[in-house]
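# Descriptive structure summary
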Amino acid sequence: MASSSLNQQEEDTYVKHGLSYVKIYKNKKCDEGFTNDHHHNSPHPPSIHHTSEEERPPYVIVVHGPPKVGKTLLIKCLEDHFSRRNVAGPSRCFLLGDKRRIQFVECPNNVNGMIDAAKYADAVMFLIDAGYGFEMETFEFLELLKVHGMPKVMGVLTYLDSFKNEDGLTKTRKRLLDQFQTNIHNGAKVFCLSGRHNAMYLEHEISELASFISTMEFHPLSWRSARPYMLVDLFEDVTPLEKVQMDKECPRDIMLEGYLRGCDIENGSKVHIAGVGDFPLASVTSLTDPFALPSVDTNNLKTNTDEVSDFDELSNMQIECFRAGTYLRFEFHDVPFEMVKNHDPCQPIIVGGITVEEAKVGYMQVKLEPHSWHMKLLKSKDPIIVSVGWRRYQTRPIYTLEDCHGRNRVLKYTLEDMPCLATFWGPLAPAGTELAVVQSLADNKAAFRILAKASVQEFNHEMKMVKKRKRIGTPYKIFKKTALIKDMFTSDLEIANFKDAKIQTARGISGMVNKPAEKSLTRGLEGIAKCTFKHKIRKRDTIFMHVYEQVEVPRFFNPIMRGPEPPDRIWHGVVDTYELTRASDLCVPANLESYYKTHINPFGTRDLEFYSRWPRLMVALRRATFGGRQAIYKRQIEAGRLHAMRDREKGN
């Protein structure tokens, strides 16, 4: 095939290869696509700007709402209205006229499903039970949408037929409309489903909603446009039967089909299957569009006889790049068998492309803002679950805050209504990437499960995280205002590093570390420091020194494997001490060093150094007391002499 002689302006052709059609790109390179070479220069691959509506994949409209609010019935009514074919599984695809395709996806009622849906939704329909009002699931999904990109949203009020009083219905409708505009999205369109006829919503109300969907504008999100991804329509296990018969738990070979969205993808690229892991693409095949628009259904399936004269040459050809909007088949090898065994057709599968940098693991720093609705503060080194990019995994962060001296001090707990810096170990993400934080994937753990949102910062390799600690020592020998302190240091070299450091006794007598004590005074012992104090200390005194020690971030991250888990089982990762002891019905072990201690002055005076002056004060007090007694004794003698003189005068 003499491709060098072809004109670059020629159209792409579709060639029938087996049971499917392969699209041939004429003299086009994927320089603008999602190539591995490009990622070395920039973490954000450029997006592919489609030139026409026909090349776009179907828009994904996610239908979200609490259980039994009417999601399935609404999709069924829209399906009957559009009267077009649909994809088997959790998603339905429809043709709207000759220029637009849409795909409905019912959002699962669990945290994993909502996290994934927030990453592929082009528009969201929030279903609200008018008789109950807004529920927490609605606000949780709204927070996830804000993190991963806010798409077009609309509201649908259901169960309006449960109101018997017309005045109550009018007031409730107005109140919910105002709350939706205030709490969900200002300016969003809200539709009302006032009743049912023959177990279906009223036709004129469905027609109004469908008309809005057919003409509304979709706003592309830059984060998704820069990455290839697929919302899977068809899942198939293609592992050889003899291999499965020999070992039922052997790694499987699978095929996933769906539209390629975002930007172009190369054969052999590395992708992430949400909840399963990272895998290279074993093969990519371009298939015929099962929902091709009528305007392009016949023109795009022509065959160029000059280029396919030799079928053997076509079979040996390998397509390296695939354009966004193409219906593709991904093949993966050595996938965990649990993904096939526990596959749930009601849980949509999303496959997202990752860059070379995103495949690496390292430290990440994010600016974290705790959510005001969550009741608990976050504790450093307690496990959390983060959703960043296509991934979600468990990690153990350390929270810090910069003080007035420029030190990044470790926080035991996050601050209330105040952002802080969180550092943790995990797969890397480009700076500026938004992420969501949850505590657990269980549905009954907390009233509001979104802990915080964060933004990835440029990693500062020179930043050191320090924690204020207290070193304790006791007097070894005392020489007036100088003393030898033991048990505070481990070596003379360590004492030299803390030269001129401030120390203090429990009674408030301040001092300073001078140098290592002479071996003649310590009998050759190491780690005894010579210190000076403002006043003489006592043998039973305890000496404290506050120091800032560097803290290391735990190198821990635990990928969340939703795919290999059964649908009725909640993924459980590493838990903190509180969760473990509560599950075992035990008491939390007490750590005496973690308790806050208050040192009370036994003399009840503001001057902490009062006790050091106590001996001199006692001497002065004795002198004053003795002098006073002498004065009283003299006055008594003088008074006695005066009375004796008066008695003698009376006797004369």
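Cut-offs applied
- Residues numbered from 1 in each chain as written.
- Predicted model: local features only at pLDDT ≥ 70, side-chain atom pairs only at ≥ 80, totals over all residues.
- Heavy atoms only, no water.
- Helix = DSSP H or I, 4+ residues; strand = E, 2+ residues; numbered from the N terminus.
- Buried < 20%, exposed > 50% of the residue type's maximum accessible area, 1.4 Å probe, protein only.
- Contact = heavy atoms within 4.5 Å.
- Areas by Shrake-Rupley, 256 points an atom, 1.4 Å probe, with all protein chains shown as cover.
- 1 Å grid on protein atoms, 1.4 Å probe; cavity = no way out; pocket = protein on both sides within 12 Å on 5 of 7 lines; lining within 4 Å.
- Points joined across faces, edges and corners; volume = space filled by probe spheres on them.
- Nonpolar A, V, L, I, M, F, W, Y, C, P; charged D, E, K, R; others polar.
- Polar contact = N/O pair within 3.5 Å; in protein donor to acceptor, adjacent residues only side chain to side chain.
- Pairing = 2+ DSSP bridges.
- Expected span 1.5 Å × (residues − 1).
- Arc of directions from axis to C-beta.

### Describing the overall build of the protein
Of regular secondary structure, the protein possesses 15 helices and 35 strands. A total of 652 residues make up the protein; the buried ones form 46% of that total. Contacts in the protein between residues far apart in sequence, at least 24 positions, make up 75% of those at least 6 positions apart. When the accessible surface of the protein is split by element, carbon and sulfur atoms take 51% of a total near 35,200 Å².

### Observations concerning empty space enclosed by the protein
Taken as a whole and judged by the stated rule, the model has four cavities of 30 Å³ or more. The wall of the largest cavity is formed by 15 residues, among which Glu358, Val388, Gly389, Trp390 and Arg391 lie closest to the centre. Of the residues belonging to the lining of the largest cavity, the class tally is nine nonpolar, three polar and three charged.

### Comments concerning the environment of Thr239
Position of Thr239 relative to the elements: it lies in the loop between β12 (234-237) and α8 (241-246). Classification of Thr239 by relative accessible area gives buried; the value is 11%. Here the side chain of Thr239 touches Asp253 through a polar contact of 2.8 Å, landing on its backbone nitrogen.

### Quick word on the pairing of strand β22 (residues 384-388)
On a regular strand, one side chain projects to one face of the sheet and the next to the other, so that they alternate. Burial runs high along β22: five of the five residues are buried. Residues of β22 alternate between two faces, with Ile384, Val386 and Val388 on one and Ile385 and Ser387 on the opposite face, all of them buried. Sheet topology places β22 next to strand β23 (residues 391-395); five bridges connect them, and they run antiparallel. Within β23, the position partnered with Ile384 by the bridge is Thr395. Between β22 and β23, which pair antiparallel and follow one another directly, the connecting turn spans two residues, one of which, Gly389, has a positive phi of 60°. Sheet analysis places β22 next to strand β27 (residues 434-438), joined by four bridges and oriented antiparallel. Among the inter-strand pairings, Val388 is bridged to a residue of β27, identified as Leu435.

### Section: helix α5 (residues 166-184)
With 19 residues, α5 should cover 27 Å at 1.5 Å per step; its first-to-last C-alpha distance of 26 Å lies within 8% of that length. When we look at burial in α5, the residues that qualify are Leu169, Thr172, Leu176, Phe180 and Ile184. Buried positions in α5, seen along its axis, are confined to an arc of 70° and lie on one side of it. Those residues of α5 that are exposed and aimed more than 90 degrees away from the buried face are Asp167, Lys171, Lys174 and Thr182. Along its buried surface, α5 packs onto β6 (123-129), α4 (136-148), β7 (152-158) and β8 (189-192). The residue sitting at the N-terminus of α5 and contributing the capping side-chain oxygen is Asn165; that oxygen lies 3.1 Å from the backbone nitrogen of Asp167.

### Overview of the environment of Lys189
The residue Lys189 is located in strand β8 in this model. Residue Lys189 is classed as partly exposed on the basis of its relative accessible area of 38%. Separated by 20 residues in the primary sequence, Lys189 and Leu209 have C-alpha atoms spaced 9.8 Å apart.

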